[in-house]
Amino acid sequence: MPDDLLASLRVLDLCDGTGDAVTRLLADLGADVLKVEPPGGSPARSDRPSLRGTSIRFALHNANKRSAVLDPSDHGDRERLVELAGNADIVVDSGMPGQAAAYGTSCEELADRFPQLVTLSVTDFGTNGPLASWQATDPVLYALSGALARSGPTSGTPVSPPDGIASATAAVQAAWSVLVAYYNKLRSGTGDYIDFSRYEAVVMALDPAFGAHGQAAAGVRHPDRWRGRPKNQDAYPIYACRDGFVRLCVMSPRQWHGLRRWLGEPEEFQDPKYDVIAERFKAWPQIGELVRQLFADQTMKALVAEGQSHGVAISAVLDPAQILRSEHFEAVDAVVDAELVPGVHSIVPTGYYSVNGQHIGFREPAPAAGADKACWPAVPATVAAPSKAGPRPFDGLRIVDLGIIVAGGELSRLFGDMGAEVIKVESAAYPDGLRQARVGDPMSESFAWTHRNNLAIGLDLRSEEGKQVFSRLVAGADAVFANFKPGTLAALGFPYDTLHSLNQRLVLAESSAFGDRGPWSNRLGYGPLVRATAGVSKLWTDPHPRPGDTHSRHRFYDATTVFPDHVVGRISAIGALAALIHRDRTGSGARVHVSQAEAVVNQLDVRYVTDAARACNGDVLDDDTGIHEVFPCAGDDEWCVISFRVDDDWRSATAVFGLPVHDVRFTNAAARLAHRGELVELVSAWTRERSPQRVAAALQKAGVPAAPMHRPPDILEDPQLRERKLYSDMTHRLFDHPLPAETGPAPFRHIPPAPQRPAPLPGQDTREICLKVLGMSSEETERLIHDGVLFASTDTPEGLA
């Protein structure tokens, strides 16, 4: 079955709302997830937004699980929980101090008691460090991680990304971390305790300042380093049309020529200099005016169809309801009509994965509290222990990597950081686009971060002899990674059936913009187009403009993010690792595919399903009434985020602000929403007199989530991240300065920090791979290099290590 990749896995779920999505992801892949709740059920069952009294978030993130009730005040139930943990593979708890504390234990204590057990404690900031007692909401995480500083107009109030992305990204990172530790347990027999921080996860996995295309130029304090807001908010311009908006991504000369034809070949733009993207940017105000006039009276559907006929990368800017009910999502089973809560049906996203050509994910709605017995129903299937070849979980695994740009590069790096031998395959004619560097630089910083711990072979896959060499690589590999446009591998002669015939134990992990089948599968897949089509651009706007804010353009602000590329790399990694675990259990490989568009929708599942349910069941919905705002602070372009989730947050904040607690405009959620503008003005008068650090510290001390807006240099200097050793300096002989690089996905007890072998030059390891991996003679290798089947770097790797 495609949904049984983790059928051997027992997961004990002690989570509240901040951890439920972690175990839902494991349940989607076939794990037996037993959720333990106190009498009356988890408090998260009533979190807003809710549908007929049931939290939509709880209903979504606890699908495919079982539920047992254990009473923390009952001695027998406390012992029963410990017994369940001792017979589990993984325990996941969340919150400070976590539900385990109510039963007289903790994840750390359980890991000490049962050495074979993997435990994961999910908290906002980790259990140690100067911010350990702070509280986070998604807007707080956006502010601290640097995402807020890259979103919004170049001046005026920054615009927070859509609520939900940060939490979903942290959940994916947590699932990856705990599955890595479990695989290490299979290999070594030793479990682990992971003190997981949602803040650190968002810093690493959402839009990293120190990672591929992460605007690292702003990452080091230096006189010529830009520390302001991104200057170009229209690299992927959006234009109004008759029934909405469309987005363009005109990147290559071929796409530019297509747009020029569409515009009627304007004489003033025939100069070949406009084939260079920098020259087009300079002239875009004039080009854009021609586009605006052409698009104004046409529909989104007509523009997308005509743009594609001209070879122009274009997409409609859809809203959540449109994407959930789109012909494509319905055709590929990316959504399902489910009984989300008893008696109420709604459209819900299926899940992240397609396995062996079938979508997997949502199977059963969240169970009623105590619907199941507090026991493991059967002896789990045995998983063969992976080979022991070194101190890291993936030592001994060989990955053949065809991945490109960010999503592909991140997938291979995650495996390389954990010890896998990653062989990056590149063509001399079509090198990885991430290698594109500034003039005069031999390598981009993005490539150096993303492809550390890789080996590089130069290989022409379009030649017959090149195909033979690749076949030999596949025959000895554990996995192949790729994120080409669907059909590319098959066109090269390597569909999955062919790969499987070469190696029946092989795992193929792929991602693409819109999936490998369906009406949209062949659309061009740039991230900005995915975000526009999948509805995230429509949400990434400023819903509450302030007096004095100027908007001389459209109101969409997702142009400078790399979302969802980094998180898609991690989603793909989880699927690949689950397939490897399945392979070790059954002896058979699998094909895992991730659609970036579907990943976006699943990241924002609560928002999308809430909107869909409201459309069908309007008056039965109970909305989230929290207020999360960005406030001005003392200093030049300094800002902070404050979250007023419930009445207690406002009452605590009034003591900090020195405001009357009983002001009728703000005494309850409905009043605060009705007088939002007055609240913002009143609080802004107080924050403007103080630094963002001072504002956040005062409010957090009172128990109110708040945070300063960080830029990349602030992240490097953050005392919380420094104490928890999130970064270490990575050196490369091609750079005259060290690059801050993450030390691993989470702080493990028994897995060492990631190695930092420098990213290779193109074809740097061709001869070594041919000799040591493929057993080729020097004469054969040199002949293939001479014939152009292989290529090797003229530089030498000495000094790179």
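Shown above is the structure to which this text applies.
Analysis parameters
Residues numbered from 1 in each chain as written. Predicted model: local features only at pLDDT ≥ 70, side-chain atom pairs only at ≥ 80, totals over all residues. Heavy atoms only, no water. Phe/Tyr/Trp six-rings, centres within 6.5 Å; stacked < 30°, edge-to-face > 60°. Helix = DSSP H or I, 4+ residues; strand = E, 2+ residues; numbered from the N terminus. Buried < 20%, exposed > 50% of the residue type's maximum accessible area, 1.4 Å probe, protein only. Expected span 1.5 Å × (residues − 1). Contact = heavy atoms within 4.5 Å. Polar contact = N/O pair within 3.5 Å; in protein donor to acceptor, adjacent residues only side chain to side chain. Pairing = 2+ DSSP bridges. Right-handed = clockwise from strand over helix to strand, strands pointing away. Axes fitted to C-alpha atoms, helices over the stretch in contact; angles between N-to-C directions. Parallel < 35°, antiparallel > 145°, perpendicular 65-115°, else oblique. Left-handed = near helix turned anticlockwise from the far one by under 90°. Nonpolar A, V, L, I, M, F, W, Y, C, P; charged D, E, K, R; others polar. Core = buried A, V, L, I, M, F, W, Y, C linked by side-chain atoms within 4.5 Å. Arc of directions from axis to C-beta. Salt bridge = Lys/Arg side-chain N within 4 Å of Asp/Glu carboxyl O. Lys, Arg positive; Asp, Glu negative; His and termini not counted.

Enquirer: Would you mind going over the packing of aromatic side chains in detail, with residue names and values included?
Expert: Within this structure, the stated rule accounts for 22 aromatic pairs. With a centroid separation of 5.5 Å and 70 degrees between ring planes, the pair formed by Tyr-183 and Phe-394 is classed as edge-to-face. You can see Tyr-183 sitting in helix H6 (residues 165-188) and its partner Phe-394 sitting in the loop between strand E15 (358-360) and strand E16 (398-401), a full 211 residues away along the chain. With centroids separated by 6.0 Å and ring planes inclined at 90 degrees, the aromatic side chains of Tyr-239 and Phe-295 adopt a geometry described as edge-to-face. One end of the pair, Tyr-239, is in strand E9 (residues 238-241); the other, Phe-295, is in helix H9 (residues 277-295), and 56 residues separate them in sequence. The same class applies to Tyr-239 as to Phe-295, namely buried.

Enquirer: Help me get a handle on helix H3 (residues 75-86), residues and values and all.
Expert: In this model H3 runs 17 Å from its N-terminal to its C-terminal C-alpha over twelve residues, within 8% of the 16 Å that 1.5 Å per residue would give. Taken as a whole, H3 has its buried residues at Leu-81, Val-82, Leu-84, Ala-85 and Gly-86. Looking at the buried side of H3, the elements it contacts are strand E1 (10-14), strand E2 (32-37), strand E6 (90-94) and helix H4 (107-113). N-cap assignment for H3: the residue whose side-chain oxygen lies 2.9 Å from the backbone N of Gly-76 is Asp-74.

Enquirer: An account of the pairing of E6 is needed here, citing residue identities and associated values.
Expert: Counting buried residues in E6 gives five out of five residues, a clear majority hidden from the surface. Going residue by residue along E6, you find Ile-90, Val-92 and Ser-94 tucked away on one face and Val-91 and Asp-93 tucked away on the opposite face as well. Here E1 pairs with E6 via four bridges, running parallel. The residue bridging Leu-14 from the neighbouring strand is Asp-93, located in E6. Regarding the hand of the β-α-β motif, the stretch spanning E6, H4 and strand E7 (residues 118-123) is right-handed.

Enquirer: If you had to explain the packing of helix H23 (residues 647-657) against helix H25 (residues 676-687) to someone new, which residues and values would you point to?
Expert: Where H23 contacts H25, the two axes come as close as 11 Å, and the packing angle between them is 40 degrees. The angle between the axes of H23 and H25 places the two elements in the oblique class. Handedness of the crossing formed by H23 with H25: left-handed. Residue-level inspection shows Trp-650, Val-656 and Phe-657 of H23 in contact with H25, the latter providing Leu-679, Val-683 and Trp-686. In terms of residue class, the contact of H23 with H25 is made up of six nonpolar, no polar and no charged.

Enquirer: Tell me about the nonpolar core, and please be specific about residues and values.
Expert: Ranked by size, the top nonpolar core spans 181 residues in total, and within it Leu-248, Leu-259, Tyr-353, Phe-394, Phe-415, Ile-642 and Phe-644 carry the most contacts. Looking at which element gives the most residues to this core, the answer is H6, with 15 residues. Ignoring sequence-local partners within four residues, the contact set of Phe-394 consists of Trp-176, Val-180, Tyr-183, Leu-414, Phe-415, Met-418, Gly-419, Ala-420 and Leu-577. Listed in part, the 28 residues of the second largest apolar core include Ile-423, Leu-461, Val-480 and Cys-770.

Enquirer: Any chance you could break down helix H26 (residues 692-701) for me, citing the residues and the numbers?
Expert: Residues Pro-692, Val-695, Ala-696, Leu-699 and Gln-700 constitute the buried set of H26. Projected onto a plane normal to the axis of H26, the buried residues spread over an arc of 115 degrees and lie on a single side. Away from the buried face of H26 by more than 90 degrees, exposed residues Arg-694 and Lys-701 are located. Residues of H26 that are buried sit in contact with strand E24 (639-644), H23, H25 and strand E25 (706-708). Backbone geometry just downstream of H26 places Gly-703 in the positive-phi region, at approximately 90 degrees.

Enquirer: Tell me what's going on with the pattern of salt bridges, and back it up with residues and numbers.
Expert: According to the stated counting rule, one finds 50 salt bridges in the structure shown. Among the ionic pairs, Lys-282 bridges to Glu-279, the shortest N-O distance being 3.4 Å. One end of the pair is Lys-282 and the other is Glu-279, both in helix H9 and three residues apart, which spans about a single turn. Given the relative accessible area of 62%, Lys-282 is considered exposed. We note a salt bridge from Asp-584 to Arg-583, for which the minimum N-O separation is 2.9 Å. For the pair Asp-584 and Arg-583, one class covers both residues: buried. Here the salt bridges share partners, and the residues they tie into one network are Glu-410, Arg-413, Asp-417, Arg-452, Arg-570 and Glu-742.

Enquirer: Please provide a residue-by-residue account of the side chain of Asp-93, values included.
Expert: With respect to the helices and strands, Asp-93 occurs in strand E6. Although Asp-93 is buried, it forms no salt bridge, and the closest oppositely charged side chain is Lys-35 at an N-O distance of 8.5 Å. Engagement of the side chain of Asp-93 in a polar contact is seen with the backbone nitrogen of Gln-99, the distance being 3.0 Å. What Asp-93 contacts, discounting residues up to four positions off in sequence, is Leu-14, Cys-15, Gly-98, Gln-99, Ala-100, Cys-107, Leu-120, Ser-121 and Val-122.

Enquirer: Residues and numbers for the side chain of Ser-151, please.
Expert: Within the secondary structure layout, Ser-151 lies in the loop between helix H5 (138-145) and H6. Classification of Ser-151 as buried rests on a relative accessible area of 2%. With residues up to four places along the chain from it excluded, the contact list for Ser-151 reads Pro-158, Val-159, Gln-233, Trp-540 and Tyr-557.

Enquirer: Requested: an account of the pairing of strand E23 (residues 627-632), with residues and values cited.
Expert: Two faces make up the sheet, and in a regular strand the side chains alternate between them. With five of its six residues buried, E23 lies for the most part within the structure. Sheet topology note: the E23/E24 ladder contains six bridges and is antiparallel. Across the sheet, Ile-627 pairs through a bridge with Phe-644, a residue of E24. Linkage of E23 to E24, two consecutive antiparallel strands, is achieved through a turn of six residues, within which Gly-635 is found at a positive phi near 115 degrees.

Enquirer: Now, about the sheet that holds E23: what can you tell me, with residues and values included?
Expert: Across the sheet, three strands lie side by side as E23-E24-E25; this open sheet has antiparallel pairing. Where the open sheet ends on each side, the last strands, each with one partner, are E23 and E25. Looking at each pair of strands side by side, their axes are set apart by 15 degrees on average, direction ignored. Where E24 and E25 come together, three bridges link them in antiparallel fashion. Counterpart to Val-641 in the pairing with E25 is Ala-707.

Enquirer: Describe the environment of Lys-65, and please don't skip the residues or the numbers.
Expert: Inspection of the secondary structure assignment puts Lys-65 in the loop between helix H2 (56-61) and strand E5 (66-69). Linking Lys-65 and Ala-31, residues 34 residues apart in sequence, is a C-alpha distance of 8.8 Å. Sequence-distant contacts of Lys-65, that is, excluding residues within four places in its chain, are made with Asp-13, Asp-20, Thr-23, Arg-24, Ala-27, Val-33 and Pro-367. A polar contact is formed between the side chain of Lys-65 and the side chain of Asp-13, at a distance of 2.9 Å.

Enquirer: Any details on the environment of His-628? Residues and values, ideally.
Expert: Relative to the elements of secondary structure, His-628 occurs in strand E23. For the pair His-628 and Arg-591, spaced 37 residues apart in sequence, the C-alpha to C-alpha distance is 41 Å. Sequence-distant contacts of His-628, defined by excluding residues within four places in its chain, comprise Thr-137, Pro-139, Ile-642, Ser-643 and Arg-645. Only 2.7 Å separates the side chain of His-628 from the side chain of Ser-643, close enough to count as a polar contact.

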